[in-house]
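The chain contents come next:
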Amino acid sequence: MDEREKKYLLKKEVNTFGNDLGVINLEDVKEGSVIESHNGHRFYLLEPTLYDIVKKMKRSVTTLLPKDIGIILTYCGIEDGETVVEAGTGSGALTIYLANAVGKNGKVITYEKRPEFAKLARKNLESVGLIKKGQKIIGLDEEDECIENKENEENRENNKENIEKNLKEEENGLYNVIQKIGDITEGVEEKNIDLIVLDMPDPWNVVEHAKNSLNRAKGRIAIYVPYMEQAKKSVEALKKHGFLEVQTVESLVRNIEITEKGVRPSTRMIGHTGYIICARVRPE
Ligand SMILES: C[S@@+](CC[C@H](N)C(=O)[O-])C[C@H]1O[C@@H](n2cnc3c(N)ncnc32)[C@H](O)[C@@H]1O
């Protein structure tokens, strides 16, 4: 972060960095220190938070915003050690928060029907230690996988240091995400699931599969949709299949500006993202 609080996400191996406030030398300095640029400006070397990383990562589709992710995590009461099924993966932003919430003892199985999106998400998930480098995406075309693996191997062989670095990094990750290519409306293969989270256009087509895959004692579902019509269809499907505690919410977040002049809400805000529906499966 520079002294104007502008942030840059740098790889650990980067040795120098420069912007209009000058050049800094990052060799032998640790996160948590203050560095001066060659022309006397201050830079703060910080460990990025997950949110910093998610904001900067490459995306194929619009990702869920923290306000909506927060509602899903808290209203569903997601816990360490739980097993979550998610669809669609998209860019993997929600996957990252789900995987961190269930931790090393839990897992997230994430379905995506478009291989190109799943491959981009794989890079994002790799970068935060949720899948190992080159981890297979279940159901990805073999030909596609071969080309990618060959490229990975060539990169590794070309650079011994990379192998050592990768091994070191692999000690620190959670590695609790499994990626799958598939249309989840055709079925959920996993059983005894604690939570199913759907961010896709027609979640009502998954509700019956969800009912059959959720743990009867504990299973919950969360659905995120941008339109009211989608929310209505989803709620109708949940009720038809006997889900309990069906609740629909929308979350609005207003920033508050606190200055010497006074305190007031920001005049700009995000007006709408989507509706979140949470429910739990009925024991039978
Ligand atoms: C809005 S995006 C999800 C964004 C994601 N939650 C994130 O935070 O990055 C919706 C994704 O669902 C995928 N999708 C749509 N229908 C699907 C289905 N039936 N099965 C699996 N994935 C599906 C789309 O290809 C798309 O990538």
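Look up a bit, the structure's there.
For clarity, every value in this text was computed on a predicted model and none was experimentally measured.

(A) Highlighting the packing of aromatic side chains. Here the structure, examined in full by the defined rule, presents 2 aromatic pairs. Ring centres 4.8 Å apart and planes at 55° place the aromatic pair Y8 and F17 in the tilted group. With relative accessibility at 14%, the residue F17 sits in the buried group. Aromatic ring contacts, followed pair by pair, group Y8, F17 and F43 into a single cluster. It is K55 that lies over the ring of Y51; its NZ or CZ is 4.5 Å from the centre.

(B) Molecular detail of the environment of S234. Within the fold, S234 resides in helix 8 (residues 228–240). Considered as a pair, S234 and V206 are 28 residues apart in the sequence and their alpha carbons are 9.4 Å apart. In this structure S234 touches P203, W204, I223 and I277, once residues within four positions along its chain are discounted.

(C) Region of the structure containing the site of the ligand. Around the ligand sit 23 residues, and of these S91, E112, D183, I184 and D199 come closest. Separating a nitrogen atom of the ligand from a backbone N or O atom of G182 is a distance of 3.4 Å. One of the backbone N or O atoms of I184 is found 3.0 Å from a nitrogen atom in the ligand. Considering the ligand on its own, with 610 Å² of exposed area, one finds that the protein chains cover 91% of that surface. For the shell around the ligand, the secondary structure elements donating two or more residues are helix 3 (93–102) and strand 6 (107–112). By residue class, the composition of the shell around the ligand is 9 nonpolar, 9 polar and 5 charged.

What counts, and where the lines are drawn
The residue numbering used here restarts from 1 in each chain and proceeds along that chain's sequence as written. In keeping with the model being predicted, local features are shown solely for residues with a pLDDT of at least 70 and side-chain atom pairs are shown and tallied solely at 80 or more, while totals for entire chains, interfaces and linings include all residues. Side-chain measures were taken over the full set of non-hydrogen atoms in the model, leaving aside hydrogen atoms and water. Whether two aromatic rings pair depends on their centres lying within 6.5 Å, for rings of Phe, Tyr and Trp, where Trp uses its six-membered ring; planes under 30 degrees apart make the pair stacked, over 60 edge-to-face, and the rest tilted. Here the term buried applies to any residue with accessible area under 20% of the maximum for its type, exposed to any over 50%, and partly exposed to those in between, with areas from a 1.4 Å probe on protein chains only. Placement of a positive charge over a ring is assigned whenever Lys NZ or Arg CZ falls within 6 Å of the ring centre and within 35 degrees of the normal to the ring plane. Only runs of H or I of at least four residues qualify as helices and only runs of E of at least two qualify as strands under DSSP, and these elements are numbered from the N terminus. Residue contacts follow a heavy-atom distance rule, with two residues in contact if any of their heavy atoms lie within 4.5 Å. Throughout, the term near means that a residue has one or more heavy atoms lying within 4 Å of the molecule or strand in question. Definition of a polar contact: a pair of N or O atoms within 3.5 Å, with one able to donate and the other able to accept a hydrogen when the atoms are protein atoms, and with sequence-neighbouring residues admitted only if both atoms are side-chain atoms. Method for areas: the Shrake-Rupley scheme with a 1.4 Å probe, in which residue coverage is limited to the protein chains shown. Gly falls in the polar group here, along with every residue not listed as nonpolar (Ala, Val, Leu, Ile, Met, Phe, Trp, Tyr, Cys, Pro) or charged (Asp, Glu, Lys, Arg).

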